[in-house]
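What the coordinates show
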Amino acid sequence: MNTQPELILASSSPRRQELMREAGYQFRVMSPDPSVECGMCSSGGPAELVHELAMRKATDVVKQLLAEPRERDVVLLAADTVAECQGQILGKPANEDHARQMLELMRGRQHHVLTGICLWRLPLADADQQGTTEVSVVATTLRMDDISDDAIDDYLASGAWEGKAGGFGYQDRLGWIHIEHGSESNVVGLPMEKVTETLTRMQVFASPSEARIK
Ligand SMILES: Cc1cn([C@H]2C[C@H](O)[C@@H](COP(=O)(O)OP(=O)(O)OP(=O)(O)O)O2)c(=O)[nH]c1=O
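Because the structure is a prediction, the values reported are computed rather than measured.

**Considerations on helix 2 (residues 46-66)**
Taking 1.5 Å per residue, 21 residues should reach 30 Å; helix 2 reaches 30 Å between its end C-alpha atoms and fits that length. Turning to helix 2, its buried residues are Pro-46, Leu-49, Val-50, Leu-53, Ala-54, Lys-57, Ala-58, Asp-60, Val-61, Val-62 and Leu-65.

Next comes the structure, spelled out in structure tokens:
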């Protein structure tokens with residue numbers, strides 16, 4: 001009998017799925033409804049925003065989960081990532097012009113990428129089905145070179161900005177965005193150091209053989 005809790009990644013982000021697979025975790029993917037991100041006020045700053053959004057995404061998927069029969073404990077992971085530059089919070093760009101504005105703001109400047117993660121343990125034998133949650137926010141500091149308009153145009157034409165907070169993908173190895181300090185995986189959607197530490201405490205372990213095969 002499998003005594004480990006079932007791990008659920010509450011995210012439709014391909015990069016988050018890849019990071020968890022690379023680390024050797026076995027998990028099921030469930031997607032939070034994108035509407036949970038609507039109407040959020042960011043006046044509290046980026047850390048408060050990603051904290052709240054990670055919680056909202058997790059809550060949405062817990063609701064979906066409680067509607068299905070379960071045989072074992074569940075541990076669920078949800079996350080939200082934004083960039084911040086000069087006090088402006090930069091989420092996923094709505095279109096190419098929006099992505100251009102973000103890149104123009106960040107060029108030649110230091111900026112931050114923050115990811116909020118919510119880990120939610122839902123035991124089977126929990127009468128009120130509340131479980132326990134742990135929320136953390138991790139920040140990474142980056143700097144973008146003072147790139148030309150042409151370089152921005154080329155990147156935008158590639159379409160690689162789509163669906164990425166701040167309008168760039170660090171994983172695209174652009175050569176003009178550098179990490180000054182902090183976690184690299186945090187930039188692309190999950191602070192794996194923090195995720196692994198918290199999952200280990202919740203008795204969820206990666207399978208070393210899976211990690212080696214990758
Ligand atoms: C900064 C940065 C972000 N990203 C991605 C990670 C996230 O998928 C996305 C930020 O949007 P999120 O709203 O955090 O996540 P999502 O909408 O893609 O997925 P879900 O809500 O279902 O979990 O930006 C990169 O892939 N590379 C980067 O360098």
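Following the structure, the description resumes.
**Examining the UniProt feature "site: Important for substrate specificity" (unreviewed entry) in the chain**
In this numbering, the UniProt entry assigns the feature "site: Important for substrate specificity" (unreviewed entry) to Arg-15, Thr-81 and Gln-171. A stretch of 157 residues holds the annotated residues, and the largest C-alpha distance among them is 14.4 Å, short enough that they meet in one place. Along the polypeptide, Thr-81 turns up in strand 3 (residues 74-85). Among the polar contacts listed, one links the side chain of Thr-81 to the side chain of Arg-16, at a separation of 2.9 Å. With near-sequence residues (within four places) excluded, Gln-171 lies in contact with Arg-15, Lys-164 and Val-188.

**Digging into the site of the ligand**
Taken together, 20 residues lie around the ligand, and Ser-11, Ser-12, Lys-57, Lys-92 and Tyr-170 are the ones closest in. A distance of 3.5 Å separates an oxygen atom of the ligand from a polar atom in the backbone of Gly-163. Here Tyr-170 contributes a backbone N or O atom positioned 2.7 Å from an oxygen atom of the ligand. Top element by residues in the shell around the ligand is strand 3. It accounts for three residues.

**Quick word on the environment of Ser-183**
For Ser-183, the position within the fold is in the loop between strand 7 (177-181) and helix 5 (184-187). Taking C-alpha positions, Ser-183 is 35 Å from Arg-70, a pair spaced 113 residues apart along the chain. Aside from chain neighbours lying at most four places away, what touches Ser-183 is Thr-140, Pro-191 and Glu-193. At 3.3 Å, the side chain of Ser-183 forms a polar contact with the side chain of Ser-185. At 3.0 Å, the side chain of Ser-183 forms a polar contact with the backbone nitrogen of Asn-186.

**Brief notes about the packing of aromatic side chains**
Using the criterion set out here, one finds one aromatic pair in the structure. On the numbers, 5.6 Å between centres and 85° between planes, the contact of Tyr-155 with Trp-176 is edge-to-face. Of this pair, Tyr-155 sits in helix 4 (residues 149-158) while Trp-176 sits in the loop between helix 4 and strand 7, placing them 21 residues apart in sequence.

**Here we look at the pairing of strand 5 (residues 110-122)**
Burial within strand 5 is extensive, with 11 of its 13 residues counted as buried. Examined bridge by bridge, strand 3 and strand 5 share 11 bridges and lie antiparallel to one another. By the bridge assignment, Thr-81 is partnered in strand 5 with Thr-115. Here 12 bridges tie strand 5 to strand 6 (residues 132-144), and the two strands are oriented antiparallel to one another. For Cys-118, the partnering residue across the bridge sits in strand 6 and is Val-135.

Definitions and cut-offs
Residues numbered from 1 in each chain as written. Predicted model: local features only at pLDDT ≥ 70, side-chain atom pairs only at ≥ 80, totals over all residues. Heavy atoms only, no water. Helix = DSSP H or I, 4+ residues; strand = E, 2+ residues; numbered from the N terminus. Expected span 1.5 Å × (residues − 1). Buried < 20%, exposed > 50% of the residue type's maximum accessible area, 1.4 Å probe, protein only. UniProt positions renumbered as here; feature names shortened; annotations may be inferred. Polar contact = N/O pair within 3.5 Å; in protein donor to acceptor, adjacent residues only side chain to side chain. Contact = heavy atoms within 4.5 Å. Near = heavy atom within 4 Å. Phe/Tyr/Trp six-rings, centres within 6.5 Å; stacked < 30°, edge-to-face > 60°. Pairing = 2+ DSSP bridges.

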